[in-house]
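Each chain is listed here by its residues.
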Amino acid sequence: METVKKHAQKKSEGRWGLLMVSPYIVHFVVFVAVTFLTSLYFSFSDYDILNPPQWVGLANYEKLVNDPVFWKALWNTVYFAVLFVPAQTFLALVLAVALNQKLRGLKLIRLAHFLPVISSWTVIYYVADAIFNPRFGMANSLLMRLGLEPQKWLQDEWLVIPILVLVAVWKGVGYIMVIFLAGLQNVPQELYEAADMDGAGAVRKFFHITMPMISGTTFLVLILSTISTFQAFEQIYVMTGGSVDATAAGGPNNASLLLMVYLYREGFSFLHMGYASAIAWVLFIMLFAFTLIQVKLQKRWVYYEK
(Lines give C-alpha, C1' and ligand atoms only; values in the text may rest on other atoms or scores of the structure.)
Protein backbone atom coordinates (compact mmCIF):
# COMPACT_ATOMS: atom_id res chain seq x y z
CA MET A 1 0.00 0.00 0.00
CA GLU A 2 2.79 2.36 0.91
CA THR A 3 4.54 1.59 -2.38
CA VAL A 4 1.38 2.47 -4.29
CA LYS A 5 1.15 5.80 -2.43
CA LYS A 6 4.77 6.65 -3.21
CA HIS A 7 4.21 5.80 -6.87
CA ALA A 8 1.09 8.00 -7.00
CA GLN A 9 2.97 10.82 -5.27
CA LYS A 10 5.80 10.64 -7.79
CA LYS A 11 3.32 10.74 -10.68
CA SER A 12 1.61 13.76 -9.12
CA GLU A 13 4.94 15.53 -8.66
CA GLY A 14 5.84 14.69 -12.25
CA ARG A 15 2.60 16.22 -13.53
CA TRP A 16 3.10 19.38 -11.48
CA GLY A 17 6.72 19.62 -12.64
CA LEU A 18 5.64 19.25 -16.26
CA LEU A 19 2.97 21.91 -15.74
CA MET A 20 5.52 24.33 -14.30
CA VAL A 21 7.96 23.93 -17.20
CA SER A 22 5.25 23.80 -19.88
CA PRO A 23 5.59 27.52 -20.81
CA TYR A 24 9.28 26.94 -21.56
CA ILE A 25 8.50 23.76 -23.49
CA VAL A 26 5.89 25.58 -25.58
CA HIS A 27 8.31 28.46 -26.18
CA PHE A 28 11.03 26.04 -27.29
CA VAL A 29 8.73 24.09 -29.61
CA VAL A 30 7.07 27.14 -31.23
CA PHE A 31 9.92 29.64 -31.38
CA VAL A 32 12.99 27.35 -31.61
CA ALA A 33 12.23 23.87 -32.90
CA VAL A 34 9.57 24.88 -35.45
CA THR A 35 11.55 27.84 -36.79
CA PHE A 36 14.69 25.69 -36.84
CA LEU A 37 13.07 23.03 -39.01
CA THR A 38 11.24 25.62 -41.13
CA SER A 39 14.49 27.38 -42.01
CA LEU A 40 16.00 24.02 -42.93
CA TYR A 41 13.09 23.39 -45.32
CA PHE A 42 13.40 26.90 -46.78
CA SER A 43 17.11 26.32 -47.43
CA PHE A 44 16.10 23.65 -49.97
CA SER A 45 13.40 25.86 -51.48
CA ASP A 46 12.97 28.89 -53.69
CA TYR A 47 11.03 31.20 -51.38
CA ASP A 48 10.45 34.95 -51.62
CA ILE A 49 7.91 35.39 -48.76
CA LEU A 50 5.25 36.57 -51.21
CA ASN A 51 4.73 33.18 -52.87
CA PRO A 52 4.64 29.59 -51.54
CA PRO A 53 8.08 27.93 -51.32
CA GLN A 54 9.09 25.74 -54.27
CA TRP A 55 11.38 22.76 -53.58
CA VAL A 56 14.69 23.12 -55.45
CA GLY A 57 16.84 20.60 -53.60
CA LEU A 58 20.52 21.56 -53.29
CA ALA A 59 20.27 24.46 -55.73
CA ASN A 60 20.74 27.12 -53.02
CA TYR A 61 23.85 25.39 -51.68
CA GLU A 62 25.26 24.99 -55.19
CA LYS A 63 24.69 28.69 -55.72
CA LEU A 64 26.57 29.41 -52.50
CA VAL A 65 29.62 27.47 -53.67
CA ASN A 66 29.73 29.48 -56.89
CA ASP A 67 28.82 32.84 -55.35
CA PRO A 68 31.88 35.17 -55.14
CA VAL A 69 29.98 37.54 -52.83
CA PHE A 70 29.43 34.72 -50.33
CA TRP A 71 33.15 33.89 -50.31
CA LYS A 72 33.92 37.59 -49.91
CA ALA A 73 31.55 37.76 -46.93
CA LEU A 74 33.10 34.61 -45.45
CA TRP A 75 36.61 36.03 -45.81
CA ASN A 76 35.53 39.34 -44.24
CA THR A 77 33.96 37.45 -41.32
CA VAL A 78 37.12 35.42 -40.70
CA TYR A 79 39.26 38.56 -41.01
CA PHE A 80 37.00 40.36 -38.54
CA ALA A 81 37.25 37.43 -36.10
CA VAL A 82 41.04 37.18 -36.40
CA LEU A 83 41.37 40.86 -35.46
CA PHE A 84 38.54 41.08 -32.94
CA VAL A 85 38.87 37.96 -30.77
CA PRO A 86 42.56 38.33 -29.72
CA ALA A 87 42.28 42.12 -29.32
CA GLN A 88 39.18 42.00 -27.13
CA THR A 89 40.42 39.03 -25.08
CA PHE A 90 43.83 40.57 -24.40
CA LEU A 91 42.50 44.04 -23.56
CA ALA A 92 39.73 42.65 -21.34
CA LEU A 93 42.25 40.51 -19.44
CA VAL A 94 44.59 43.47 -18.92
CA LEU A 95 41.72 45.63 -17.66
CA ALA A 96 40.42 42.85 -15.41
CA VAL A 97 43.84 42.33 -13.83
CA ALA A 98 44.23 46.08 -13.30
CA LEU A 99 40.75 46.49 -11.85
CA ASN A 100 41.13 43.47 -9.61
CA GLN A 101 43.48 45.47 -7.39
CA LYS A 102 42.31 47.06 -4.14
CA LEU A 103 42.30 50.72 -5.13
CA ARG A 104 39.95 53.63 -4.57
CA GLY A 105 37.25 54.44 -7.09
CA LEU A 106 37.35 51.03 -8.76
CA LYS A 107 33.56 50.78 -8.91
CA LEU A 108 33.33 54.00 -10.92
CA ILE A 109 36.11 52.86 -13.25
CA ARG A 110 34.39 49.52 -13.79
CA LEU A 111 31.12 51.34 -14.50
CA ALA A 112 32.87 53.59 -17.04
CA HIS A 113 34.20 50.55 -18.90
CA PHE A 114 30.79 48.86 -18.81
CA LEU A 115 28.76 51.84 -20.07
CA PRO A 116 29.46 51.16 -23.78
CA VAL A 117 28.17 47.60 -23.30
CA ILE A 118 24.70 48.80 -22.32
CA SER A 119 24.64 51.56 -24.95
CA SER A 120 22.84 50.95 -28.23
CA TRP A 121 24.77 50.74 -31.47
CA THR A 122 23.06 53.91 -32.63
CA VAL A 123 24.69 55.81 -29.75
CA ILE A 124 28.02 54.10 -30.45
CA TYR A 125 27.70 55.11 -34.10
CA TYR A 126 27.37 58.80 -33.25
CA VAL A 127 30.41 58.61 -30.99
CA ALA A 128 32.41 56.82 -33.69
CA ASP A 129 31.21 59.28 -36.33
CA ALA A 130 32.47 62.19 -34.23
CA ILE A 131 35.91 60.57 -34.37
CA PHE A 132 36.09 58.98 -37.82
CA ASN A 133 33.92 61.25 -39.96
CA PRO A 134 36.12 62.08 -42.98
CA ARG A 135 35.00 65.73 -43.06
CA PHE A 136 34.86 66.87 -39.43
CA GLY A 137 36.04 63.91 -37.36
CA MET A 138 38.64 64.28 -34.62
CA ALA A 139 40.88 61.60 -36.13
CA ASN A 140 41.42 63.55 -39.37
CA SER A 141 41.82 66.79 -37.44
CA LEU A 142 44.65 65.17 -35.49
CA LEU A 143 46.27 63.79 -38.64
CA MET A 144 46.16 67.19 -40.32
CA ARG A 145 47.76 68.84 -37.28
CA LEU A 146 50.56 66.30 -37.55
CA GLY A 147 50.98 67.13 -41.23
CA LEU A 148 49.53 63.83 -42.45
CA GLU A 149 46.91 63.16 -45.10
CA PRO A 150 43.30 62.75 -43.87
CA GLN A 151 41.74 59.32 -44.31
CA LYS A 152 38.31 58.17 -45.44
CA TRP A 153 38.16 55.63 -42.60
CA LEU A 154 34.80 53.80 -42.97
CA GLN A 155 34.73 54.66 -46.68
CA ASP A 156 38.15 53.05 -47.23
CA GLU A 157 38.15 49.38 -48.26
CA TRP A 158 41.39 48.67 -46.37
CA LEU A 159 40.51 50.55 -43.19
CA VAL A 160 36.81 49.80 -42.73
CA ILE A 161 37.13 46.41 -40.97
CA PRO A 162 39.98 47.49 -38.62
CA ILE A 163 37.92 50.54 -37.64
CA LEU A 164 34.80 48.40 -37.10
CA VAL A 165 36.88 46.01 -34.97
CA LEU A 166 38.23 48.93 -32.93
CA VAL A 167 34.74 50.22 -32.22
CA ALA A 168 33.40 46.72 -31.49
CA VAL A 169 36.23 46.08 -29.01
CA TRP A 170 35.53 49.38 -27.26
CA LYS A 171 31.86 48.50 -26.94
CA GLY A 172 32.23 44.88 -25.87
CA VAL A 173 35.41 44.83 -23.80
CA GLY A 174 33.58 45.79 -20.60
CA TYR A 175 31.40 42.67 -20.74
CA ILE A 176 34.38 40.35 -21.25
CA MET A 177 36.26 42.24 -18.55
CA VAL A 178 33.50 41.41 -16.04
CA ILE A 179 33.76 37.71 -16.96
CA PHE A 180 37.52 37.79 -16.41
CA LEU A 181 37.04 39.64 -13.12
CA ALA A 182 34.77 36.85 -11.90
CA GLY A 183 37.42 34.30 -12.84
CA LEU A 184 40.23 36.25 -11.17
CA GLN A 185 38.31 36.65 -7.94
CA ASN A 186 37.82 32.86 -7.75
CA VAL A 187 41.56 32.14 -7.80
CA PRO A 188 42.51 30.85 -4.31
CA GLN A 189 44.68 33.37 -2.46
CA GLU A 190 46.57 30.51 -0.81
CA LEU A 191 48.33 29.85 -4.11
CA TYR A 192 49.69 33.41 -4.24
CA GLU A 193 50.75 33.24 -0.60
CA ALA A 194 52.62 30.01 -1.26
CA ALA A 195 54.29 31.57 -4.30
CA ASP A 196 55.34 34.59 -2.22
CA MET A 197 56.98 32.28 0.29
CA ASP A 198 58.91 30.67 -2.58
CA GLY A 199 60.05 34.11 -3.76
CA ALA A 200 58.06 34.16 -7.03
CA GLY A 201 57.67 37.53 -8.73
CA ALA A 202 54.53 39.09 -10.17
CA VAL A 203 55.19 37.93 -13.73
CA ARG A 204 55.89 34.36 -12.66
CA LYS A 205 52.75 34.26 -10.49
CA PHE A 206 50.68 35.57 -13.38
CA PHE A 207 51.81 32.94 -15.89
CA HIS A 208 52.10 29.99 -13.48
CA ILE A 209 49.08 30.64 -11.23
CA THR A 210 46.68 33.20 -12.66
CA MET A 211 46.60 32.04 -16.27
CA PRO A 212 46.17 28.30 -15.51
CA MET A 213 43.51 29.02 -12.89
CA ILE A 214 41.46 31.21 -15.27
CA SER A 215 42.02 29.00 -18.32
CA GLY A 216 38.39 27.84 -18.11
CA THR A 217 37.25 31.47 -18.13
CA THR A 218 39.55 32.20 -21.06
CA PHE A 219 38.07 29.26 -22.96
CA LEU A 220 34.56 30.61 -22.36
CA VAL A 221 35.62 34.09 -23.49
CA LEU A 222 37.15 32.76 -26.71
CA ILE A 223 33.99 30.81 -27.54
CA LEU A 224 31.67 33.75 -26.80
CA SER A 225 33.83 36.24 -28.70
CA THR A 226 34.12 34.03 -31.77
CA ILE A 227 30.40 33.34 -31.87
CA SER A 228 29.68 37.08 -31.53
CA THR A 229 31.90 37.85 -34.54
CA PHE A 230 30.13 35.31 -36.74
CA GLN A 231 26.82 36.79 -35.61
CA ALA A 232 27.94 40.42 -35.97
CA PHE A 233 25.22 42.38 -37.70
CA GLU A 234 23.96 45.48 -35.94
CA GLN A 235 27.27 47.34 -35.78
CA ILE A 236 28.05 46.65 -39.45
CA TYR A 237 24.52 47.51 -40.53
CA VAL A 238 24.41 50.80 -38.63
CA MET A 239 27.95 52.02 -39.22
CA THR A 240 28.13 51.24 -42.96
CA GLY A 241 24.91 52.96 -43.93
CA GLY A 242 22.39 50.15 -43.72
CA SER A 243 20.01 52.27 -41.64
CA VAL A 244 19.77 54.65 -44.62
CA ASP A 245 19.95 52.11 -47.45
CA ALA A 246 19.84 48.40 -46.58
CA THR A 247 21.65 47.45 -49.78
CA ALA A 248 24.54 49.76 -48.81
CA ALA A 249 25.30 47.80 -45.64
CA GLY A 250 28.66 46.07 -45.88
CA GLY A 251 30.25 48.76 -48.01
CA PRO A 252 32.32 50.16 -49.50
CA ASN A 253 32.36 47.64 -52.34
CA ASN A 254 31.40 44.82 -49.94
CA ALA A 255 34.65 45.36 -48.02
CA SER A 256 32.82 45.05 -44.68
CA LEU A 257 30.13 42.61 -45.79
CA LEU A 258 29.96 39.95 -43.07
CA LEU A 259 27.90 36.76 -43.32
CA MET A 260 25.06 37.99 -41.12
CA VAL A 261 24.78 41.21 -43.12
CA TYR A 262 24.80 39.25 -46.37
CA LEU A 263 22.13 36.92 -44.96
CA TYR A 264 19.92 39.88 -44.02
CA ARG A 265 20.46 41.61 -47.34
CA GLU A 266 19.56 38.51 -49.36
CA GLY A 267 16.58 37.58 -47.19
CA PHE A 268 14.95 40.91 -46.36
CA SER A 269 16.21 43.35 -49.00
CA PHE A 270 16.06 41.07 -52.05
CA LEU A 271 13.48 38.58 -50.62
CA HIS A 272 15.69 35.58 -51.44
CA MET A 273 14.56 33.85 -48.27
CA GLY A 274 15.49 30.34 -49.41
CA TYR A 275 19.02 31.46 -50.27
CA ALA A 276 19.30 33.36 -46.98
CA SER A 277 18.23 30.22 -45.10
CA ALA A 278 21.02 28.28 -46.82
CA ILE A 279 23.51 30.94 -45.69
CA ALA A 280 22.14 30.64 -42.15
CA TRP A 281 22.64 26.89 -42.13
CA VAL A 282 26.18 27.15 -43.46
CA LEU A 283 26.89 29.67 -40.71
CA PHE A 284 25.37 27.34 -38.12
CA ILE A 285 27.46 24.39 -39.30
CA MET A 286 30.63 26.49 -39.22
CA LEU A 287 29.97 27.68 -35.66
CA PHE A 288 29.05 24.18 -34.51
CA ALA A 289 32.23 22.74 -36.03
CA PHE A 290 34.40 25.47 -34.51
CA THR A 291 32.87 25.01 -31.07
CA LEU A 292 33.28 21.24 -31.30
CA ILE A 293 36.96 21.60 -32.24
CA GLN A 294 37.53 24.02 -29.37
CA VAL A 295 35.85 21.65 -26.91
CA LYS A 296 38.11 18.84 -28.11
CA LEU A 297 41.25 21.01 -27.88
CA GLN A 298 40.45 22.44 -24.45
CA LYS A 299 41.79 19.28 -22.78
CA ARG A 300 45.29 20.34 -23.84
CA TRP A 301 45.33 23.75 -22.17
CA VAL A 302 42.25 24.27 -19.95
CA TYR A 303 42.62 23.43 -16.29
CA TYR A 304 39.57 22.75 -14.12
CA GLU A 305 40.08 22.62 -10.37
CA LYS A 306 38.80 19.36 -8.87
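What you see as residue numbers is a count from 1 along each chain, following the sequence as written. Per-residue local features are limited, in this predicted model, to residues with pLDDT of at least 70; the limit for side-chain atom pairs, both in listing and counting, is 80 or more; totals at the level of whole chains, interfaces and linings are taken over all residues. Processing note: side-chain calculations cover all non-hydrogen atoms of the structure and skip hydrogens and water entirely.

Draft legend 1. Molecular detail of the overall build of the protein chain. Per the secondary structure count, the protein chain includes 13 helices and 2 strands. On the principal axes, the C-alpha backbone points of the protein chain span a range of 85 × 65 × 35 Å. Considering only residue pairs separated by 6 or more positions, the protein chain has 67% of its internal contacts joining residues 24 or more positions apart. Computed by Shrake-Rupley with a 1.4 Å probe, the accessible areas treat only the displayed protein chains as cover when residues are assessed. Surface summary for the protein chain: the accessible area is close to 18,900 Å², and the carbon and sulfur share equals 67%. Numbering of helices and strands runs from the N terminus; a helix is a DSSP stretch of H or I covering at least four residues, while a strand is a stretch of E covering at least two. In what follows, residue pairs with any heavy atoms lying within 4.5 Å of each other are defined as contacts.

Draft legend 2. Region of the structure containing the nonpolar core. Nonpolar core, defined: a set of buried Ala, Val, Leu, Ile, Met, Phe, Trp, Tyr and Cys residues in which side-chain atoms within 4.5 Å join the residues together. Exposure classes here rest on a 1.4 Å probe applied to the protein chains alone. A residue is buried below 20% of its type maximum, exposed above 50%, and partly exposed in between. In terms of nonpolar packing, the biggest core is built from 66 residues, with L64, F80 and F180 touching the most fellow members. Aside from chain neighbours lying at most four places away, what touches F80 is I161, L164, V165, A168, T229, Q235, I236 and L258.

Draft legend 3. Up close: the pattern of salt bridges. Throughout this description, the term salt bridge denotes a Lys or Arg side-chain nitrogen within 4 Å of a carboxyl oxygen of Asp or Glu. Counted according to the given criterion, the structure contains 1 salt bridge. For K205, the salt bridge identified is with D196, shortest N-O distance 2.8 Å. K205 gets classed as buried once you look at its relative accessible area, which sits at 18%.

Draft legend 4. Structural context of the side chain of S256. In this fold, S256 is placed in the loop between α11 (234-239) and α12 (259-269). Residue classification places S256 among the buried residues on the basis of a relative accessible area of 0%. Beyond its immediate stretch of four places on either side in the chain, S256 contacts N76, V160, I161, L164, I236, T240, G250 and G251.

Draft legend 5. Layout of the packing of aromatic side chains. Within 6.5 Å between ring centres, the rings of Phe, Tyr and Trp (the latter by its six-membered ring) count as paired, and their orientation is classed by plane angle as stacked under 30 degrees, edge-to-face over 60, tilted in between. Using the criterion set out here, one finds 20 aromatic pairs in the structure. Between F80 and F84 the ring centres are 5.8 Å apart and the planes differ by 25°, which places this aromatic pair in the stacked class. Taken together, the residues F80 and F84, both in helix α3 (residues 68-99) and 4 residues apart, mark about one turn of the helix. Relative accessible area serves as the criterion here: at 1%, F80 is assigned to the buried category. Grouping aromatic residues by their ring pairs yields a cluster made of Y41, F42, F44, Y47, W55 and Y61. Charge over a ring is defined by NZ of Lys or CZ of Arg lying within 6 Å of the ring centre and within 35 degrees of the ring normal. Above the ring of Y275, the side-chain terminus of K63 is found at 4.3 Å from the ring centroid.

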